[in-house]
Amino acid sequence: MSEFADVLTGVTPGRRGPGLFGKIILIVLWLTVSVMPVYFAVPALRLATGQVGTPGTLTVKSCVALGQGRYDCKGTFRPDSGGPAIAVDASPDSDAGDVERAQLTPEGDRAEPTGVKGVLAALALVGVGLGGLGYLPYVILYWLRLPGRRFAAIAGAVLTAAGLLLAVAGVGASL
């Protein structure tokens, strides 16, 4: 059997590892875990950038501690177009008394911050996804014993660090 076939099937003299089927499952799971945060960040990004929803001003009226660092915040949203204030759920990282630019969701039940704060908060999930994808090319090159692993490892470290920084910046902006 050729060396390339040995790598694909997982048959490596003196070493144990996942076979071809196991490697495929691991790659699919890795991609799923890394891409899902990016997918779930899209609605928040669309809201934070004003592509959907109604622009206006959110006034946080109350925040109740639910335990274990979780909060339930309520507020009122006043649309820029005028009209009555609407009772809404506010972001759990808000404080009672906060007044900020916000976007009302199309459902009309929640208002989220816009501008730099809102965009960075939404990008936190994107950072998690990017960080997760960082080392996948290296692992694939390693399993296939192809050249370019050193570059893939360095690029993976840079991408993972960038993802971590984006996630931390997003969480920090939402505080």
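Residues numbered from 1 in each chain as written. Predicted model: local features only at pLDDT ≥ 70, side-chain atom pairs only at ≥ 80, totals over all residues. Heavy atoms only, no water.

A. Region of the structure containing the state of the cysteines. Overall, the coordinates contain one disulfide when judged by the stated rule. Here C63 is linked by a disulfide to C73, with a sulfur-sulfur distance of 2.1 Å. The disulfide joining C63 to C73 has a torsion of about 115° about its S-S bond and is therefore right-handed. In this pair, C63 is assigned in strand β1 (residues 54-67) and C73 in strand β2 (residues 70-79), connecting sequence segments ten residues apart. In this structure C73 comes out as buried when scored by relative accessible area, which is 1%. (Disulfide = S-S within 2.5 Å. Helix = DSSP H or I, 4+ residues; strand = E, 2+ residues; numbered from the N terminus. Buried < 20%, exposed > 50% of the residue type's maximum accessible area, 1.4 Å probe, protein only.)

B. Region of the structure containing helix α2 (residues 20-48). The end-to-end C-alpha distance of α2, which contains 29 residues, comes to 42 Å, matching closely the 42 Å that a straight helix rising 1.5 Å per residue would cover. The axis of α2 is deflected most strongly, by about 35°, at V42, and proline P43 appears within four residues downstream. Downstream of α2 by one or two residues, G50 has phi in the positive range, about 80°. (Expected span 1.5 Å × (residues − 1). Bend = angle between axes of the 7 residues up to and from the residue.)

C. Spotlight on the confidence of the model for the protein. Chain-level pLDDT for the protein is 89 on average; 91% of the residues reach the 70-or-more range. Element-level pLDDT for the protein is lowest in helix α1 (residues 3-9), with a mean of 57, against a maximum mean of 95 in α2. (pLDDT = per-residue confidence, 0-100.)

D. Quick peek at the packing of aromatic side chains. In the structure shown here, the tally under the stated rule is two aromatic pairs. With a centroid separation of 5.4 Å and an interplanar angle of 70°, the aromatic rings of Y39 and F40 are classed as edge-to-face. (Phe/Tyr/Trp six-rings, centres within 6.5 Å; stacked < 30°, edge-to-face > 60°.)

E. View of a nonpolar patch on the surface. On the surface, M36, Y39, F40, L125 and V128 cluster together into a nonpolar patch covering about 500 Å² of accessible area. Secondary-structure elements contributing two or more residues to the nonpolar patch are α2 and α3 (115-133). If you trace the backbone, Y39 turns up in helix α2. (Patch = residues over 30% accessible without salt bridge, like charges linked within 9 Å, V, L, I, M, F, W, Y side chains within 5 Å. Areas by Shrake-Rupley, 256 points an atom, 1.4 Å probe, with all protein chains shown as cover. Salt bridge = Lys/Arg side-chain N within 4 Å of Asp/Glu carboxyl O.)

F. Region of the structure containing helix α5 (residues 149-174). With 26 residues, α5 extends 37 Å between its outermost C-alpha atoms, agreeing within 8% with the 38 Å of an ideal straight helix rising 1.5 Å per residue. The secondary structure elements touched by the buried residues of α5 are α3 and α4 (136-144). (Contact = heavy atoms within 4.5 Å.)

G. Inspection of the layout of surface pockets at higher detail. Empty space within the second largest pocket amounts to approximately 160 Å³. Surrounding the second largest pocket, 13 residues form its lining, E112, P113, G118, A121 and A122 being those nearest its centre. Elements with a minimum of two residues in the lining of the second largest pocket: α2, β5 (111-113) and α3. In terms of residue count, the dominant contributor to the lining of the second largest pocket is α3 (four residues). When its residues are assigned to classes, the lining of the second largest pocket shows six nonpolar, three polar and four charged. (1 Å grid on protein atoms, 1.4 Å probe; cavity = no way out; pocket = protein on both sides within 12 Å on 5 of 7 lines; lining within 4 Å. Points joined across faces, edges and corners; volume = space filled by probe spheres on them. Nonpolar A, V, L, I, M, F, W, Y, C, P; charged D, E, K, R; others polar.)

H. Structural context of the packing of α3 against α5. One can describe the packing of α3 onto α5 by two numbers: an axis separation of 7 Å at closest approach and a directional angle of 155°. Taken together, α3 and α5 sit at an angle that is classed as roughly antiparallel. Seen along the crossing, α3 lies across α5 with a hand that is left-handed. Between α3 and α5, the contacting residues are K117, L120, A121, L123, A124, V126, G127, V128, L130, G131 and L133 on the first element and L159, T160, G163, L164, L166, A167, A169, G170, V171, A173 and S174 on the second. Of the residues belonging to the contact of α3 with α5, the class tally is 15 nonpolar, six polar and one charged. (Axes fitted to C-alpha atoms, helices over the stretch in contact; angles between N-to-C directions. Parallel < 35°, antiparallel > 145°, perpendicular 65-115°, else oblique. Left-handed = near helix turned anticlockwise from the far one by under 90°.)

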